[in-house]
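Here's the letter readout for the chains.
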Amino acid sequence: MIFADNVMKHEIKRTYRYRLYPSEAQKAELARTFGCSRWVYNWALETKTKAYYQDEESLSFTDLSGRLTSKKKEEETEWLSEVSAVTLQQSLRNLNQAFTNFFEDRAEYPSFKSKKAGQTARYFGTAFDIREENGKRKLRLSKMPGLINIRWSRELPSEPSSCTVTKNAAGQYHVCFVCTEEADLLPRADGEGGDLEPVGVDLGIESLVTLSTGEKVGNPRWFENEQERLRRKQQKLSRKEKKGLGGLSNNWERQRKRVAKVHQRIQDRRKDFIEKLTTRLAHDFDVI
(Lines give C-alpha, C1' and ligand atoms only; values in the text may rest on other atoms or scores of the structure.)
Protein backbone atom coordinates (compact mmCIF):
# COMPACT_ATOMS: atom_id res chain seq x y z
CA MET A 1 0.00 0.00 0.00
CA ILE A 2 1.04 3.61 -0.62
CA PHE A 3 0.43 6.53 1.74
CA ALA A 4 0.55 9.92 0.00
CA ASP A 5 -0.79 13.20 1.40
CA ASN A 6 -2.47 11.25 4.21
CA VAL A 7 -4.62 9.33 1.70
CA MET A 8 -4.26 5.57 1.71
CA LYS A 9 -3.83 4.12 -1.78
CA HIS A 10 -2.97 0.74 -3.16
CA GLU A 11 -1.92 -0.63 -6.52
CA ILE A 12 -4.42 -2.72 -8.40
CA LYS A 13 -4.58 -4.39 -11.80
CA ARG A 14 -7.54 -3.34 -13.89
CA THR A 15 -8.75 -4.40 -17.32
CA TYR A 16 -9.74 -1.86 -20.00
CA ARG A 17 -11.80 -3.15 -22.93
CA TYR A 18 -12.10 -1.59 -26.41
CA ARG A 19 -13.62 -2.49 -29.77
CA LEU A 20 -11.21 -3.60 -32.48
CA TYR A 21 -11.72 -3.14 -36.22
CA PRO A 22 -9.25 -5.44 -38.03
CA SER A 23 -8.91 -5.53 -41.82
CA GLU A 24 -9.78 -8.67 -43.78
CA ALA A 25 -6.10 -9.73 -43.82
CA GLN A 26 -5.88 -9.15 -40.08
CA LYS A 27 -9.10 -11.12 -39.48
CA ALA A 28 -7.59 -14.04 -41.36
CA GLU A 29 -4.42 -13.90 -39.24
CA LEU A 30 -6.45 -13.59 -36.04
CA ALA A 31 -8.52 -16.62 -37.07
CA ARG A 32 -5.27 -18.57 -37.55
CA THR A 33 -4.02 -17.42 -34.14
CA PHE A 34 -7.31 -18.27 -32.41
CA GLY A 35 -7.27 -21.72 -34.01
CA CYS A 36 -3.68 -22.47 -33.05
CA SER A 37 -4.19 -21.24 -29.47
CA ARG A 38 -7.30 -23.40 -29.14
CA TRP A 39 -5.52 -26.42 -30.65
CA VAL A 40 -2.58 -26.09 -28.23
CA TYR A 41 -4.93 -25.86 -25.24
CA ASN A 42 -6.87 -28.97 -26.30
CA TRP A 43 -3.71 -30.87 -27.21
CA ALA A 44 -2.11 -30.03 -23.87
CA LEU A 45 -5.27 -31.03 -21.98
CA GLU A 46 -5.43 -34.38 -23.79
CA THR A 47 -1.68 -34.99 -23.33
CA LYS A 48 -1.76 -34.14 -19.64
CA THR A 49 -4.86 -36.26 -18.99
CA LYS A 50 -3.49 -39.32 -20.85
CA ALA A 51 -0.12 -39.03 -19.12
CA TYR A 52 -1.81 -39.07 -15.73
CA TYR A 53 -4.27 -41.92 -16.30
CA GLN A 54 -2.13 -44.14 -18.57
CA ASP A 55 1.41 -43.51 -17.33
CA GLU A 56 0.66 -42.11 -13.83
CA GLU A 57 2.81 -39.12 -14.76
CA SER A 58 1.99 -35.54 -13.83
CA LEU A 59 3.14 -33.16 -16.57
CA SER A 60 4.09 -29.64 -15.53
CA PHE A 61 3.93 -26.45 -17.56
CA THR A 62 7.65 -26.86 -18.37
CA ASP A 63 7.08 -30.43 -19.59
CA LEU A 64 4.26 -29.37 -21.91
CA SER A 65 6.23 -26.37 -23.15
CA GLY A 66 9.12 -28.65 -24.14
CA ARG A 67 6.76 -31.02 -25.95
CA LEU A 68 5.16 -28.07 -27.75
CA THR A 69 8.57 -26.99 -29.05
CA SER A 70 9.06 -30.48 -30.48
CA LYS A 71 5.54 -30.41 -31.90
CA LYS A 72 6.34 -27.32 -33.96
CA LYS A 73 9.16 -29.22 -35.69
CA GLU A 74 6.91 -32.09 -36.79
CA GLU A 75 5.70 -31.97 -40.37
CA GLU A 76 2.04 -32.48 -39.46
CA THR A 77 1.99 -29.54 -37.03
CA GLU A 78 4.67 -27.21 -38.36
CA TRP A 79 1.89 -24.67 -39.02
CA LEU A 80 2.04 -23.83 -35.31
CA SER A 81 5.17 -21.79 -36.08
CA GLU A 82 3.15 -19.45 -38.32
CA VAL A 83 1.60 -17.60 -35.35
CA SER A 84 3.11 -15.80 -32.38
CA ALA A 85 4.77 -18.23 -29.96
CA VAL A 86 3.62 -15.99 -27.08
CA THR A 87 -0.05 -16.81 -27.66
CA LEU A 88 0.70 -20.56 -27.69
CA GLN A 89 2.66 -20.35 -24.44
CA GLN A 90 -0.24 -18.44 -22.93
CA SER A 91 -2.59 -21.31 -23.83
CA LEU A 92 -0.39 -23.59 -21.72
CA ARG A 93 -0.48 -21.08 -18.85
CA ASN A 94 -4.27 -20.87 -19.12
CA LEU A 95 -4.50 -24.66 -18.87
CA ASN A 96 -2.10 -24.67 -15.92
CA GLN A 97 -4.32 -22.12 -14.14
CA ALA A 98 -7.42 -24.16 -14.98
CA PHE A 99 -5.89 -27.20 -13.26
CA THR A 100 -4.89 -25.06 -10.27
CA ASN A 101 -8.50 -23.89 -9.95
CA PHE A 102 -9.68 -27.50 -10.21
CA PHE A 103 -7.33 -28.85 -7.54
CA GLU A 104 -8.27 -25.98 -5.21
CA ASP A 105 -12.00 -26.75 -5.67
CA ARG A 106 -12.73 -23.47 -7.45
CA ALA A 107 -13.75 -25.03 -10.78
CA GLU A 108 -14.65 -28.25 -12.56
CA TYR A 109 -12.11 -30.39 -14.41
CA PRO A 110 -10.87 -28.44 -17.50
CA SER A 111 -12.86 -29.09 -20.66
CA PHE A 112 -11.91 -28.87 -24.33
CA LYS A 113 -12.41 -25.55 -26.10
CA SER A 114 -14.78 -25.29 -29.06
CA LYS A 115 -14.44 -23.02 -32.08
CA LYS A 116 -18.16 -22.27 -31.74
CA ALA A 117 -17.53 -20.44 -28.47
CA GLY A 118 -15.79 -17.08 -28.10
CA GLN A 119 -12.23 -17.06 -29.44
CA THR A 120 -9.29 -15.58 -27.50
CA ALA A 121 -5.57 -14.99 -27.85
CA ARG A 122 -3.37 -13.29 -25.26
CA TYR A 123 -0.22 -11.27 -25.96
CA PHE A 124 2.32 -9.93 -23.48
CA GLY A 125 5.84 -8.52 -23.36
CA THR A 126 7.22 -7.47 -26.73
CA ALA A 127 4.50 -9.36 -28.62
CA PHE A 128 2.30 -6.24 -28.64
CA ASP A 129 2.41 -2.48 -28.24
CA ILE A 130 0.45 0.66 -29.11
CA ARG A 131 1.83 2.71 -31.99
CA GLU A 132 0.78 5.88 -33.74
CA GLU A 133 -0.09 5.92 -37.42
CA ASN A 134 -1.49 8.94 -39.27
CA GLY A 135 -2.23 10.65 -35.97
CA LYS A 136 -4.14 7.67 -34.57
CA ARG A 137 -3.07 5.16 -31.94
CA LYS A 138 -3.35 1.59 -33.13
CA LEU A 139 -2.49 -1.90 -31.91
CA ARG A 140 0.51 -3.87 -33.13
CA LEU A 141 0.48 -7.63 -32.61
CA SER A 142 3.31 -10.05 -33.27
CA LYS A 143 3.17 -11.60 -36.77
CA MET A 144 0.13 -9.48 -37.62
CA PRO A 145 0.12 -7.55 -40.92
CA GLY A 146 -0.14 -3.80 -40.26
CA LEU A 147 -1.66 -2.04 -37.25
CA ILE A 148 -5.20 -2.72 -36.02
CA ASN A 149 -7.71 0.11 -35.57
CA ILE A 150 -9.05 0.65 -32.04
CA ARG A 151 -12.03 2.72 -30.93
CA TRP A 152 -10.63 4.50 -27.87
CA SER A 153 -13.53 5.11 -25.46
CA ARG A 154 -11.23 6.23 -22.63
CA GLU A 155 -7.55 6.70 -21.87
CA LEU A 156 -5.32 4.00 -20.42
CA PRO A 157 -3.97 4.93 -16.97
CA SER A 158 -0.57 3.30 -17.56
CA GLU A 159 1.42 1.17 -19.97
CA PRO A 160 -0.44 -2.16 -20.34
CA SER A 161 1.39 -5.32 -19.30
CA SER A 162 -0.65 -7.65 -21.52
CA CYS A 163 -3.59 -7.67 -23.89
CA THR A 164 -6.19 -10.25 -24.82
CA VAL A 165 -7.88 -10.16 -28.23
CA THR A 166 -11.33 -11.75 -28.41
CA LYS A 167 -13.97 -12.49 -31.02
CA ASN A 168 -17.54 -13.17 -29.90
CA ALA A 169 -20.30 -15.14 -31.63
CA ALA A 170 -21.60 -11.96 -33.25
CA GLY A 171 -18.29 -11.53 -35.06
CA GLN A 172 -17.21 -8.52 -32.98
CA TYR A 173 -13.56 -8.08 -32.00
CA HIS A 174 -12.39 -6.59 -28.70
CA VAL A 175 -9.08 -6.08 -26.95
CA CYS A 176 -8.62 -6.07 -23.17
CA PHE A 177 -5.54 -4.31 -21.76
CA VAL A 178 -4.30 -5.12 -18.25
CA CYS A 179 -2.92 -2.01 -16.51
CA THR A 180 -1.53 -1.33 -13.05
CA GLU A 181 -2.79 1.80 -11.36
CA GLU A 182 -3.05 3.45 -7.97
CA ALA A 183 -6.56 3.35 -6.53
CA ASP A 184 -7.92 5.48 -3.72
CA LEU A 185 -9.79 3.55 -1.07
CA LEU A 186 -13.45 4.61 -0.93
CA PRO A 187 -14.36 6.80 2.04
CA ARG A 188 -16.70 5.36 4.66
CA ALA A 189 -20.34 5.82 3.82
CA ASP A 190 -21.18 7.33 7.23
CA GLY A 191 -18.07 9.49 7.48
CA GLU A 192 -15.38 9.04 10.13
CA GLY A 193 -16.12 7.03 13.27
CA GLY A 194 -19.23 5.11 14.29
CA ASP A 195 -20.44 1.77 13.04
CA LEU A 196 -19.97 0.65 9.46
CA GLU A 197 -22.96 1.21 7.20
CA PRO A 198 -24.29 -2.25 6.17
CA VAL A 199 -26.87 -3.35 3.59
CA GLY A 200 -28.47 -6.71 2.89
CA VAL A 201 -29.18 -7.72 -0.70
CA ASP A 202 -31.83 -10.29 -1.62
CA LEU A 203 -31.95 -11.50 -5.23
CA GLY A 204 -35.47 -11.78 -6.60
CA ILE A 205 -37.53 -12.42 -9.72
CA GLU A 206 -40.14 -9.67 -9.91
CA SER A 207 -37.54 -7.24 -8.57
CA LEU A 208 -33.93 -7.80 -9.53
CA VAL A 209 -32.80 -7.15 -5.94
CA THR A 210 -34.43 -5.98 -2.72
CA LEU A 211 -32.25 -4.06 -0.26
CA SER A 212 -32.58 -4.20 3.52
CA THR A 213 -33.28 -0.46 3.38
CA GLY A 214 -36.60 -1.29 1.69
CA GLU A 215 -35.49 -0.18 -1.77
CA LYS A 216 -36.45 -2.45 -4.65
CA VAL A 217 -34.45 -2.42 -7.86
CA GLY A 218 -36.75 -3.35 -10.72
CA ASN A 219 -35.97 -6.09 -13.21
CA PRO A 220 -35.55 -4.45 -16.64
CA ARG A 221 -36.27 -7.83 -18.32
CA TRP A 222 -33.80 -7.37 -21.14
CA PHE A 223 -34.62 -10.73 -22.75
CA GLU A 224 -38.38 -10.14 -22.76
CA ASN A 225 -37.90 -6.73 -24.38
CA GLU A 226 -35.91 -8.25 -27.23
CA GLN A 227 -37.87 -11.50 -27.50
CA GLU A 228 -40.00 -10.50 -30.50
CA ARG A 229 -36.99 -9.20 -32.44
CA LEU A 230 -35.07 -12.38 -31.57
CA ARG A 231 -38.00 -14.60 -32.62
CA ARG A 232 -38.22 -12.98 -36.07
CA LYS A 233 -34.50 -13.29 -36.72
CA GLN A 234 -34.42 -16.91 -35.55
CA GLN A 235 -37.35 -17.73 -37.86
CA LYS A 236 -35.42 -16.27 -40.80
CA LEU A 237 -32.38 -18.32 -39.78
CA SER A 238 -34.41 -21.55 -39.66
CA ARG A 239 -35.64 -20.96 -43.23
CA LYS A 240 -32.15 -20.63 -44.69
CA GLU A 241 -30.05 -23.51 -45.96
CA LYS A 242 -27.19 -24.22 -43.56
CA LYS A 243 -24.95 -26.00 -46.06
CA GLY A 244 -23.70 -24.57 -49.35
CA LEU A 245 -21.32 -25.77 -52.04
CA GLY A 246 -18.25 -24.66 -50.09
CA GLY A 247 -19.46 -25.61 -46.62
CA LEU A 248 -21.63 -23.22 -44.61
CA SER A 249 -24.07 -21.13 -46.62
CA ASN A 250 -23.14 -17.43 -46.72
CA ASN A 251 -26.78 -16.40 -46.23
CA TRP A 252 -27.11 -18.72 -43.22
CA GLU A 253 -23.89 -17.40 -41.68
CA ARG A 254 -24.97 -13.77 -42.12
CA GLN A 255 -28.33 -14.47 -40.48
CA ARG A 256 -26.63 -16.41 -37.67
CA LYS A 257 -24.57 -13.31 -36.89
CA ARG A 258 -27.75 -11.20 -36.81
CA VAL A 259 -29.21 -13.58 -34.21
CA ALA A 260 -25.94 -13.52 -32.25
CA LYS A 261 -25.94 -9.70 -32.24
CA VAL A 262 -29.35 -9.65 -30.55
CA HIS A 263 -28.06 -12.03 -27.87
CA GLN A 264 -24.94 -9.86 -27.50
CA ARG A 265 -27.11 -6.74 -27.15
CA ILE A 266 -29.06 -8.40 -24.31
CA GLN A 267 -25.85 -9.54 -22.62
CA ASP A 268 -24.23 -6.08 -22.87
CA ARG A 269 -27.28 -4.33 -21.42
CA ARG A 270 -27.50 -6.81 -18.54
CA LYS A 271 -23.78 -6.45 -17.75
CA ASP A 272 -23.92 -2.63 -17.89
CA PHE A 273 -26.90 -2.50 -15.53
CA ILE A 274 -25.35 -4.91 -13.02
CA GLU A 275 -22.01 -3.07 -13.00
CA LYS A 276 -23.72 0.28 -12.38
CA LEU A 277 -25.79 -1.23 -9.56
CA THR A 278 -22.82 -2.87 -7.82
CA THR A 279 -20.78 0.33 -8.15
CA ARG A 280 -23.57 2.33 -6.48
CA LEU A 281 -23.82 -0.18 -3.63
CA ALA A 282 -20.05 -0.08 -3.10
CA HIS A 283 -20.14 3.72 -2.85
CA ASP A 284 -23.22 3.97 -0.63
CA PHE A 285 -22.47 1.21 1.89
CA ASP A 286 -19.47 -0.12 3.83
CA VAL A 287 -20.61 -3.74 4.20
CA ILE A 288 -22.73 -5.76 1.78
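Everything numeric in this text was worked out from a predicted model, so none of it was measured. (Residues numbered from 1 in each chain as written. Predicted model: local features only at pLDDT ≥ 70, side-chain atom pairs only at ≥ 80, totals over all residues. Heavy atoms only, no water.)

Student: Tell me what's going on with the sheet that holds strand E9 (residues 201–203), and back it up with residues and numbers.
Tutor: Strand order in the open sheet formed by three strands is E9-E10-E11, and the pairing between neighbours is antiparallel. Since the sheet does not close on itself, it has two edges, and those belong to E9 and strand E11 (216–218), each with one partner. For this sheet the average axis-to-axis angle between neighbouring strands, irrespective of direction, equals 20°. Looking at chain direction, strand E10 (residues 207–211) and E11 are connected through three bridges and run antiparallel. Looking at the pairing, serine 207 lines up with glycine 218 of E11. Most of the contacts of helix H5 (residues 250–284) go to E10, to which it runs at about 5°, and overall it touches E9, E10 and E11. (Pairing = 2+ DSSP bridges. Helix = DSSP H or I, 4+ residues; strand = E, 2+ residues; numbered from the N terminus. Axes fitted to C-alpha atoms, helices over the stretch in contact; angles between N-to-C directions. Contact = heavy atoms within 4.5 Å.)

Student: How would you summarise the UniProt feature "domain: Transposase putative helix-turn-helix" (unreviewed entry) in the protein if you had to cite specific residues and measurements?
Tutor: What UniProt calls "domain: Transposase putative helix-turn-helix" (unreviewed entry) maps, in this numbering, to residues 12–56. For residues 12–56, the end-to-end C-alpha separation is 40 Å, with 71% helix and 22% strand making up the annotated structure. (UniProt positions renumbered as here; feature names shortened; annotations may be inferred.)

Student: Give me the lowdown on the environment of threonine 77, citing residues and values where you can.
Tutor: Take threonine 77: it is sitting in the loop between helix H2 (61–73) and helix H3 (85–103). For the pair threonine 77 and cysteine 36, spaced 41 residues apart in sequence, the C-alpha to C-alpha distance is 9.9 Å. Other than its neighbours up to four places away in sequence, threonine 77 contacts Trp39, Lys71 and Lys72.

Student: Which residues make up a negative patch on the surface, and what values do they have?
Tutor: A contiguous patch of negative charge on the surface is contributed by Asp55, Glu56, Glu57 and Asp63. Tracing the backbone shows aspartate 63 in helix H2. (Patch = residues over 30% accessible without salt bridge, like charges linked within 9 Å, V, L, I, M, F, W, Y side chains within 5 Å. Areas by Shrake-Rupley, 256 points an atom, 1.4 Å probe, with all protein chains shown as cover. Salt bridge = Lys/Arg side-chain N within 4 Å of Asp/Glu carboxyl O. Lys, Arg positive; Asp, Glu negative; His and termini not counted. Charge placed at Lys NZ, Arg CZ, Asp CG, Glu CD.)

Student: Please set out H2 residue by residue, giving values where relevant.
Tutor: For the α-helix, the turn length of 3.6 residues means that residues three or four positions removed from each other point alike. Across its 13 residues, H2 extends 19 Å between first and last C-alpha, which sits within 8% of the 18 Å expected from 1.5 Å per residue. On its buried side, H2 packs onto helix H1 (24–55) and H3. (Expected span 1.5 Å × (residues − 1).)

Student: Before we move on, could you go through the packing of aromatic side chains and cite the residues and values that matter?
Tutor: Counted under the stated rule, the structure contains 12 aromatic pairs. When the ring of tryptophan 39 is compared with that of tryptophan 79, the centres are 5.4 Å apart and the planes differ by 80°; the resulting orientation is edge-to-face. With tryptophan 39 in helix H1 and tryptophan 79 in the loop between H2 and H3, this residue pair connects regions lying 40 residues apart in the sequence. The exposure class of tryptophan 79 is partly exposed, given its relative accessible area of 30%. Consider the rings of tyrosine 52 and tyrosine 53, whose centres lie 5.2 Å apart with planes at 90°: the pair is edge-to-face. For the pair tyrosine 52 and tyrosine 53, one class covers both residues: exposed. Three or more aromatic residues joined by ring pairs make a cluster, and in this case those are Tyr18, Phe128, Trp152 and Phe177. (Phe/Tyr/Trp six-rings, centres within 6.5 Å; stacked < 30°, edge-to-face > 60°. Buried < 20%, exposed > 50% of the residue type's maximum accessible area, 1.4 Å probe, protein only.)

Student: Account for the pairing of strand E4 (residues 128–133), naming residues and giving values.
Tutor: Here E4 pairs with strand E5 (residues 136–141) via six bridges, running antiparallel. Counterpart to aspartate 129 in the pairing with E5 is arginine 140.

Student: Help me get a handle on the side chain of serine 162, residues and values and all.
Tutor: Locating serine 162 in the fold gives a position in strand E7 (residues 162–167). Overall, serine 162 belongs to the buried group, its relative accessible area being 2%. Only 3.0 Å separates the side chain of serine 162 from the side chain of arginine 122, close enough to count as a polar contact. (Polar contact = N/O pair within 3.5 Å; in protein donor to acceptor, adjacent residues only side chain to side chain.)

Student: Got a sec to walk through a positive patch on the surface? Specific residues and values, please.
Tutor: A surface patch of positive charge is lined by Lys236, Arg239, Lys240, Arg254, Lys257, Arg258 and Lys261. Per element, the largest residue contribution to the positive patch is four residues, and it comes from H5. Position of arginine 258 among the secondary structure elements: in helix H5.

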